[in-house]
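# Tertiary structure, described
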Amino acid sequence: HVFVVHRRWRCAMSESLPSSLDGLRTTKVPFVGREPELERLRAALDRVLAGQGSIALLSGEPGIGKSSLAEAFAVVARDRGTRVVWGRCTEWDGAPPYWPWLQVLRALLRDCDAEQVRTWLGIHAASLAQIVPELLLHIPELPAPAAFEPEQARFQLFESVLNLVANAAGDTPIVIILEDLHWADAPSLLLLQFLAVHLHDTQVLILGTYRNVEVGRSHPLLPILADLARGQLTQWIMLHGLSHDDVKGVIGLLAATEPSEALVATVFEETEGNPFFVTEVTRLLIAAGTLHVMNAGGMPSHRIPESVREVVGQRLTRLTDACNQTLQVAAVIGRDFSLPLLERVRDLPTDALLDAIDEAIRAQFVQADATIGRYRFSHVIVRETIYDELSTAQRVRYHRQIGTALEHLHAGNLDLVLPDLAHHFFQAAPGGGISQAVNYAIDAGQQANARLAWEEAVGQFERALQLFDFDDQPNDRKRIDVLLALLDAQVRSGAAKEAILTRKNAIAVIRVHGTVEQLARAATSYDMETSNYVDLDIAAVLDEVHAELPMDDSRLRVQVLYRLAGSLNGLSGRLGSIERRVELADAARAMAQRLNDPVALGYALSCRLDAFLEPEWLDQRIVAAQEVDDLARMMESPRLAAIAAGAQVCIAMDLGDIAGARAAAQKRNRLVNELRISAELWLTGAQDAGFAALRGEFSDAEQFARNTRTLGEQVNLNLWQPTYEYWSLMFLIRFLQGRTDEVESAVMRLLEEQPNDTYWLCRMALLAAAGGRIDESRDRFRALATDEFANLTKGPWWYVNLIPLIEVCLFLGDQERAHTLHRLLAPFAGRNVNEITFCYGAADYYLGRLEILLDQRDAARESFEMALKMNGRMEVRPFVAQTQLAYAEMLATSTDRAERDTAQTLATAALATANELGMLPLANRAHSHLSALHMDDDPPTAMLPYRLSPREIEVLRLLVEGRTDREIASTLFISHRTVMRHVTGILNKLGVSSRTAAAIRAVRDGIV
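This is a predicted model, so every value here is computed, not measured.

With that out of the way, let us pick up the sheet that holds strand 2 (residues 83-88). Strand order in this open sheet of five strands is 2-3-4-1-5, and the pairing throughout is parallel. The open sheet has two edge strands, strand 2 and strand 5 (234-238), and neither has a second partner. Adjacent strand axes in the sheet meet at a mean angle of 15°, parallel and antiparallel pairs treated alike. When strand 1 (residues 54-60) meets strand 5, the two strands line up parallel, connected through five bridges. Bridging from a neighbouring strand, Leu57 pairs with Trp236 of strand 5. Most of the contacts of helix 3 (residues 99-109) go to strand 2, to which it runs at about 150°, and overall it touches strand 2, strand 3 (174-179) and strand 4 (204-211). Running over the sheet, helix 9 (residues 221-229) touches strand 1, strand 4 and strand 5 and is turned about 120° from strand 5.

Structure (structure tokens):
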């Protein structure tokens, strides 16, 4: 036990503790204090009893009193009429998946009859039986769980747990205490995360404890904690060391005497108020007879230990050899251990073994469990100390003996202890028996897969592969099977980077020792995704597999066709042509229909979605998305529904239906979050970032983008995509803000990795123009314009590359190439220029600007009117403002007074939006434009860019054009001396020292 100290301690404690805690007073570990923390838990319990579910988290260093506070609260909760159930995580990897939840669920079901279980679970019983086989004792006729796609199956499992807990709490409010969450397996943490979202209207309180010092940046608990922190019903309680008076109270209760100030000060200084440390030091001093001497003012016979483990070690030396050896075996077994298992390993008569255990209990190192013959270490620090003091040889020997004992004890059903067997034989492998350890690791991994605990399966398969490296005669065929199993588990658990490496290793081994079917499995391991991207290496493997795989109809062959069609997107020539992709998609659909296999048909129809990703094939993509959605409804498949919704997001964006895109995105996000599709969760955040940018909420968009990039790099199988998505959006935002210099280094790095990537080459040309490097911009633009821009990489959303090229073309005033760009973009008139998670607004806006350059005024008027309607309907504020100003600049040249008034209205509206959103270049252009309209009232000086006057802006515009002072004077009908005065004022206000620098600043910031 650890204990807690009351800050208002009195010797008798009778006034300090509520009556509900009376039972704790007779324990051998004092309970004193933590009343403020306990009161916060009482308040949380009040909310739960009122029908509002809650999460409470206790954190602190080892020995700080988390468990004691949880035990004290359990007493309070029971007195309030709630049912308290415990789930304890273990520090070793021999526990089955969902171990803390298994303890909770078994406790809830323990005293239930079959009818009550049926009432609580309903249709969810079959799903829950996958991890709680005891349900078959209650409902022997239970059918096998329905066959679902992996992600949906886990969602169904989580929902069945929710159903059980919520229904059980409907009869009696429940407090679930989960101890040591820092040791919880990943599936258990995901289940906690799921329940935290759905328990808000139940009478359930989940109290979790964890060591905050062990939760580093890479710890699986950290993202769960971050997610829980966003919930309104989560409260955090951080425990710190005890005060001087608290320590005095503990010593007094343990020693049954009033401690002296010198003794208290010494113990407090050495322990820093850590409750477990204080208790152990006090017990050691009592056992050594030193405490009485120190209390009387004398010197101790030996120093006080400097660490918790040292004091535990000194106390252990006072036990008999038989007790110490028994504790050593128990420590290797784990925090909890049983008498039958201990008997088989210790080789002692039962009475002698029980004597040793009793000695440990008296020393308060061990406590008896409520179940006869079961025990647990009183504190995990005790178990850790004993285990760490063992030599490597002792550990290997004990693990081997324990593993063998488990085999004998459970010879009739090894499935019950597979994780234990895998753990102990893995730890014993340095002493031999590698083949046996490999087999148990594989079996445990397969069992974890069957229980939808893919993260645990990953660990077991990785251990099996480690063991292969120590085997003198490794079985290469078995190694391939393990590699493929590991690959599947990594994909399903969202371990993207690890999956890519595993796939590479698997392909290498398969090429030497495997079959074409195994090669196909490795190459198609991604499962269904909403979209595919170019991977030249895998495309080559898939092409090879497609040629060599037997022509017989099979789901595997459909998967090969699906993945091959997707991997060809963006490749040039016949290899990546739309005709070939459609041919593959049609073949996949025909094969799936012959197989009469709905799952294979899902792959095949998703394949058609991938085949029609180019913007030219929007109509075909609409049909394909509807086919997937119809199949999803027929199969009741949330996975296919998520794929269809993802496609509908992009389709709606292409059509300029932002409301429809948001609705489809919300549906997709809900499905993806419910199914916990790790490889796609990040994309939901990327879409949120894109939508925020379209509203002009640039700061929110940046924050969303940063968060999702981090997540995407962890879980996305196309590792380059999160980086692309992030910098693509940041490029657009910085361009609109006039801060393109902030993204230039990132674009250059991307081009260093892929020098021929036309996506970033187009944007680099615009960066050069925005930075005033006119010659560089012109050279880059002309290189890209070769053969009428024929070298632009085609593929999904290729037309977004036209946007930066159009901006450069307009900047350079290149009429010749404006014709070509207009021709390339014209087929998309009436469409929104969409790039997966964000867009550039109506294509008509860019067509209208090109038409002005081409002196096609009537066409431009029509284009701008169309663009205003679409951008306005989409409520994409930055692009509405851009269109308003471009249209205003055209109308301002009209001789018609009404059109000039319209120009003023549009420009004023654009200026207001630009100022509000921080779009500096647009704001500066709008200022300049309004001043040039010769309005009756000049705009306030404070609103002009850099506080330049309208005349200074006119002079600056001519400087940008390269005019001399005399040419400027002649053009503006002012004196040469006046020009010089204006130029000096411009240089001072812009903070530059030369005319060239002023011209560059004017172009970069859009002043003219």
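There is more to say after this.
What follows deals with the packing of helix 29 (residues 598-611) against helix 30 (residues 618-635). Between helix 29 and helix 30, the least distance of the axes is 8 Å, while the angle of their chain directions is 160°. Relative to helix 30, the element helix 29 is oriented roughly antiparallel. In the packing of helix 29 onto helix 30, the handedness of the crossing is left-handed. The segment helix 29 lies against helix 30, with Pro598, Val599, Leu601, Gly602, Leu605, Ser606, Arg608 and Leu609 engaging Arg621, Ala624, Ala625, Glu627, Val628, Leu631 and Met635. In terms of residue class, the contact of helix 29 with helix 30 is built from 10 nonpolar, two polar and three charged.

Right, let's get into the state of the cysteines. Note on terminology: a disulfide is the covalent bond linking the sulfur atoms of two cysteines. Summed over the entire model, instances satisfying the criterion amount to zero disulfides. There is no disulfide at Cys607, and the cysteine sulfur nearest it, in Cys650, is 17 Å away.

This model, assessed by the stated rule, comprises 48 salt bridges. Between Arg154 and Glu455 there is a salt bridge whose closest N-O contact spans 2.9 Å. Of this pair, Arg154 sits in helix 7 (residues 150-171) while Glu455 is found in helix 22 (residues 454-468), placing the two residues 301 residues apart along the sequence. Take Arg154 and Glu455: they sit in the same class, and that class is buried.

In a regular helix each residue adds 1.5 Å, so 21 residues correspond to 30 Å; helix 45 (residues 897-917) covers 30 Å between its end C-alpha atoms and thus fits that length. When we look at burial in helix 45, the residues that qualify are Glu899, Ala903, Leu906, Ala907, Ala910, Leu911, Thr913, Ala914 and Leu917. One side-chain oxygen of the residue at the start of helix 45 lies 2.8 Å from the amide nitrogen of Ala898, identifying that residue as Asp896. Directly after helix 45, the chain includes Gly918, whose backbone phi takes a positive value near 80°.

Running from N to C, helix 25 (residues 516-523) and helix 27 (residues 555-567) point in directions that differ by 45°, and their axes come no closer than 10 Å. Relative to helix 27, the element helix 25 is oriented oblique. Note that helix 25 runs across helix 27; the crossing there is left-handed. Mapping the contact onto sequence places Glu517, Ala520, Arg521 and Ala523 in helix 25 and Leu556, Val560 and Arg563 in helix 27.

Moving on: the sheet that holds strand 8 (residues 374-377). In spatial order, the strands read 6-8-7; together these three strands make up an open sheet with antiparallel pairing. Two strands bound the open sheet, and with one partner strand each, they are strand 6 (336-338) and strand 7 (366-368). Each adjacent strand pair in this sheet contributes to an overall mean axis angle of 30°, direction not counted. With three bridges connecting them, strand 7 and strand 8 associate as antiparallel partners. Of the residues in strand 8, the one forming a bridge with Gln367 is Arg376.

Calculation criteria
- Residues numbered from 1 in each chain as written.
- Predicted model: local features only at pLDDT ≥ 70, side-chain atom pairs only at ≥ 80, totals over all residues.
- Heavy atoms only, no water.
- Pairing = 2+ DSSP bridges.
- Helix = DSSP H or I, 4+ residues; strand = E, 2+ residues; numbered from the N terminus.
- Axes fitted to C-alpha atoms, helices over the stretch in contact; angles between N-to-C directions.
- Contact = heavy atoms within 4.5 Å.
- Parallel < 35°, antiparallel > 145°, perpendicular 65-115°, else oblique.
- Left-handed = near helix turned anticlockwise from the far one by under 90°.
- Nonpolar A, V, L, I, M, F, W, Y, C, P; charged D, E, K, R; others polar.
- Disulfide = S-S within 2.5 Å.
- Salt bridge = Lys/Arg side-chain N within 4 Å of Asp/Glu carboxyl O.
- Buried < 20%, exposed > 50% of the residue type's maximum accessible area, 1.4 Å probe, protein only.
- Expected span 1.5 Å × (residues − 1).
- Polar contact = N/O pair within 3.5 Å; in protein donor to acceptor, adjacent residues only side chain to side chain.

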